[in-house]
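Commentary on secondary and tertiary structure
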Amino acid sequence: MDSHGDMGLLVEHFDPSLVGRTREDGYESRSGSDNIEGASGEDQDAGDYQRPRKKYNRHTANQIQELESFFKECPHPDEKQRSELSRRLGLESKQIKFWFQNRRTQMKTQLERHENAILRQENDKLRAENEMLKHNMSDPICNSCGGPVVPVPVPYEQQQLRIENARLKDELSRVCALANKFLGRPLTSSANPVPPFGSNTKLDLAVGRNGYGNLGHTDNTLPMGFDNDGGVMMPLMKPIGDAVGNEVSFDRSMFVDLALAAMDELIKMAQIESPIWIKSLDGGKEVLNHEEYTRTFPPCIGMKPSNFVFEATRESGVVLIDSLALVETLMDVNGWVEMFPSLIARAATIDVISSGMGGTKSGALQIVCHKPIIHAEFQVISPFVPVRQVKFLRLCKQLTEGVWAVADVSVDGNQTHVTCRRLPSGCIIQDMNNGCCKVTWVEHSEYDESAVHQLYRHILNSGTGFGAQRWIAALQRHYECMAILLSPTILGEDQTAINLGGKKSMLKLARRMVDSFCSGVCASTLHNWGNLVVESVSEDVRILTRKIINEPGEPDGIVLSVSTSVWLPVSQQRLFDFLRDEQSRSQWDILSNGGMLQEMVQIPKGQGHWNSVSVLRSTAVDANAGDNMLILQETWNDVSGSLVVYAPVDVQSVSVVMNGGDSTYVALLPSGFVILPENSFSNGEPNSCHGNPAKRDCDGKDGGGSFLTVGFQILASNLPSAKLTVESVKTVHNLISCTMQRIKTAFN
């Protein structure tokens, strides 16, 4: 069966002429059971009677449209999804199954024809070059005089020099390979480290003894040459640019050795009874036994810089998806970013060392980074925590039947400009009997703490910011939302039905709203924000500015983003309930004009009514907006934190999107809140929180404190060429200051 990677390749290099050829071949969108059962023409002439031909049971245009739309989202539906489709479309489940089989066969045929066309062109090109070389060899011409070349014998001394040069190059390559292992950093020779064309070298990928039974006895091989005995061909490693755009040459074998070491370390750290992890003093979460860790594992990316500190966490959870589908998404960089919207600002794959074996992602090795500057961006939604930019390798391997491992490790750890290094991290994915999978996540990093605000240093050190618990919680939220998308039709307060297309469009709009909010708070490169320094503004308040001209979904003009973070002696749950409650909104929302909000439509995204996307309507009368404005709001809450993000939208745009229309051009200026729990204490006080007690919240109840981040985006001028005024800056500064004061007053 086709892998998702094959489909992505087809879309990227699709030839429109293939569609015509496919239609000429007689492909029709029909169920697999609608075969022609009549005999051939010659058999009918020879027989005594003619059996009737079975007519095609063609699907309607609406059925084909629905099937094609679902196929784009999920080419391999399970039995539950096929039953849901058959119920909606009035078809048998068997017809749905055969239609998807035929559709995947069509995709495979188109892919093969496209690849054959490319190979045919390459073959013709090589044949032409071969003929030209034969002609030049048979009749060589001097470049200086244009006459025939007279062969001159090579002197004996020159032959000896060439032999000695080849020997020295080979010796230099061996010395560099040994230096790589001892120094822990790339040290390449001028010789070509890539095997010659046609080599068939293989590297053992055994992970040794571990806590997963007989995983060390599986067939663990990674293709190193062009031919891997029937597997997928692996492209050569391309030169990679550094942070300033200069090309840097890396030894390809060094990347493979680094990835294998990271995979072995990840598997050992994920073992349940590993001595590397010990219980914290309060008997709660696990902490890394650093002495045991340094004894067990040598530094695979070099020694830790003196100004760096480390953080290490491990967490397990059950996710509503099977292991193979999760692995496919993790190895697709776009799907990976979509799973963790509040953690990953942006990322891209720049090269693939091995694209897998036997049609799966087993043995796939990728370099994941952000655009040409070769970084991935991880974020904690606060102006006090800088975005982490990391370049790392990703290795995926099937350890045994139903068990996969995905390991990451930095490849730029020894460069001077690096402020964060990702030590071997990743996850072990194990199938369960109920269609779900158990995920054990390990997150291990070293970073420069001096760039982090004093208020958030303890949050990062404890793992609350970038730790494994946050990755697991985001993963579970994503697949809960995917499962609910296939649930029965949702009805709003006015009993207006929202179909599947409408729900997807609304969730896509809400996702863009949250991404824009996070970018405005964290100053990631998702949008081009510029920092604005104003003397009258407190240093704990960040103000960013951005000029927008003809960008879809963005209002033209100058946008100001203002954000800050504070610690409050209020538990995460109480603070979240207060901010998302429509009845209490007037206590903190200055722009609500004292009115309450009424929920018109709610699209659930997970268990509990607090994980949802909602459309709200204000009961207050605004002379400027009238009844033409609504509020789009997304909220979620789990053990890793909480989020409340909202943006005003006009009624007409919401109506179009709820009916399945395109949400790309709906203009948004989001604002909102992010809450992180205060989980760890030091002598009854949070670290670096100015000595405020944290074991009890402000009303005397247990629950500890929490860290609140507030962010607003305001259109300062609808003219991109306009200049910012001091009054505009003071307005946004007063807005965030008054909001924070109202929240503190409500809990005082």
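None of the values given here were measured: they were computed from a predicted structure. (Residues numbered from 1 in each chain as written. Predicted model: local features only at pLDDT ≥ 70, side-chain atom pairs only at ≥ 80, totals over all residues. Heavy atoms only, no water.)

Looking now at the overall build of the protein chain. When its secondary structure is counted, the protein chain shows 17 helices and 28 strands. Residue burial in the protein chain is summarised as follows: out of 748 residues, 47% are buried. Considering only residue pairs separated by 6 or more positions, the protein chain has 66% of its internal contacts joining residues 24 or more positions apart. Summed over its atoms, the accessible surface of the protein chain is roughly 38,100 Å², and 52% of this surface lies on carbon and sulfur atoms. (Helix = DSSP H or I, 4+ residues; strand = E, 2+ residues; numbered from the N terminus. Buried < 20%, exposed > 50% of the residue type's maximum accessible area, 1.4 Å probe, protein only. Contact = heavy atoms within 4.5 Å. Areas by Shrake-Rupley, 256 points an atom, 1.4 Å probe, with all protein chains shown as cover.)

Moving on, we come to helix α15 (residues 572–580). Looking only at α15, the buried set comprises Gln572, Leu575, Phe576, Phe578, Leu579 and Arg580. Its buried side turned inward, α15 meets β22 (557–568), β25 (629–638), β26 (641–650), β27 (671–677), β28 (706–717) and α17 (726–746).

Read from one edge of the open sheet, three strands run β8-β11-β12, paired in antiparallel fashion. Looking at which strands have only one partner, the edges of the open sheet turn out to be β8 (344–346) and β12 (388–390). Taken over all neighbouring pairs, the strand axes of this sheet differ in orientation by 30 degrees on average, direction set aside. Where strand β11 (residues 376–378) and β12 come together, three bridges link them in antiparallel fashion. Residue pairing in the sheet places alanine 376 in a bridge with valine 390 of β12. (Pairing = 2+ DSSP bridges. Axes fitted to C-alpha atoms, helices over the stretch in contact; angles between N-to-C directions.)

Taken together, the side chains of Asp78, Glu79, Asp322, Glu401 and Asp431 make up a negatively charged region of the molecular surface. Summarising the element assignment, glutamate 401 is placed in the loop between β13 (392–400) and β14 (403–410). (Patch = residues over 30% accessible without salt bridge, like charges linked within 9 Å, V, L, I, M, F, W, Y side chains within 5 Å. Salt bridge = Lys/Arg side-chain N within 4 Å of Asp/Glu carboxyl O. Lys, Arg positive; Asp, Glu negative; His and termini not counted. Charge placed at Lys NZ, Arg CZ, Asp CG, Glu CD.)

On to the pattern of salt bridges, then. Taken as a whole and judged by the stated rule, the model has 20 salt bridges. Residue aspartate 515 is joined to arginine 511 by a salt bridge in which the shortest nitrogen-to-oxygen separation is 2.9 Å. You can see aspartate 515 and its partner arginine 511 sitting in helix α14 (residues 500–522), four residues apart, about one turn around the helix. Overall, arginine 511 belongs to the partly exposed group, its relative accessible area being 23%. Among the ionic contacts, a cluster of salt bridges with common partners joins Arg394, Asp408, Arg422 and Glu443.

Here the focus is the side chain of serine 653. On the secondary structure map, serine 653 appears in helix α16 (residues 651–658). Taking relative accessible area as the criterion, serine 653 reaches 19% and is therefore assigned buried. Polar side-chain contacts of serine 653 include one of 2.8 Å to the side chain of aspartate 650. (Polar contact = N/O pair within 3.5 Å; in protein donor to acceptor, adjacent residues only side chain to side chain.)

Residues with a pLDDT of 70 or more make up 70% of the protein chain, whose mean pLDDT is 75. Below a pLDDT of 50 lies the segment residues 188–249, which in the model reaches 119 contacts outside its immediate sequence neighbourhood of four places, other chains included. (pLDDT = per-residue confidence, 0-100.)

Under the UniProt annotation, "coiled-coil region" (unreviewed entry) lies at residues 104–136. Along residues 104–136 the backbone is 100% helical and 0% strand, and the end-to-end C-alpha distance reaches 48 Å. (UniProt positions renumbered as here; feature names shortened; annotations may be inferred.)

Of all seven residues that make up strand β24 (residues 612–618), five are buried, and the element is covered over most of its length. Sheet analysis places strand β23 (residues 597–604) next to β24, joined by seven bridges and oriented antiparallel. Looking at the pairing, proline 604 lines up with serine 612 of β24. Where β24 and β25 come together, five bridges link them in antiparallel fashion. Residue pairing across strands places leucine 616 opposite isoleucine 631, the latter belonging to β25.

Scanning all chains against the criterion turns up six cavities of 30 Å³ or more. Reported here for the largest cavity is a volume of approximately 100 Å³. Residue lining of the largest cavity: 13 residues in total, with Arg470, Trp636, Ser640, Val674 and Leu676 positioned closest to the centre. Broken down by secondary-structure element, the contributors of at least two residues to the lining of the largest cavity are α13 (468–485), β26 and β27. Taken together, the residues that form the lining of the largest cavity break down as seven nonpolar, four polar and two charged. (1 Å grid on protein atoms, 1.4 Å probe; cavity = no way out; pocket = protein on both sides within 12 Å on 5 of 7 lines; lining within 4 Å. Points joined across faces, edges and corners; volume = space filled by probe spheres on them. Nonpolar A, V, L, I, M, F, W, Y, C, P; charged D, E, K, R; others polar.)

Okay, the packing of helix α4 (residues 61–73) against helix α6 (residues 93–138) next. It is the contact of α4 with α6, at a shortest axis distance of 11 Å, that shows an interaxial angle of 65 degrees. Helix-helix and strand crossings are classified by hand; for α4 and α6 the assignment is right-handed. Residues Leu67, Glu68, Phe70 and Phe71 of α4 pack against Ile96, Trp99, Phe100, Arg103, Arg104 and Met107 of α6. Taken together, the residues that form the contact of α4 with α6 break down as seven nonpolar, no polar and three charged. (Left-handed = near helix turned anticlockwise from the far one by under 90°.)

So, on to the nonpolar core. Within soluble globular proteins, side chains that are nonpolar tend to cluster in buried spots. Grouped together as the largest cluster of nonpolar side chains are 46 residues, with contacts concentrated most on Leu326, Trp336, Phe340, Val439 and Tyr456. Looking at this core, the element that brings in the most residues is α13, giving six residues. Excluding residues that lie within four positions of it along the chain, tyrosine 456 makes contacts with Val380, Ser382, Phe384, Val385, Ser565, Leu676, Phe707 and Thr709. One finds Met513, Val521, Leu643 and Ala647 within the second-largest nonpolar core, a separate group that totals 34 residues. (Core = buried A, V, L, I, M, F, W, Y, C linked by side-chain atoms within 4.5 Å.)

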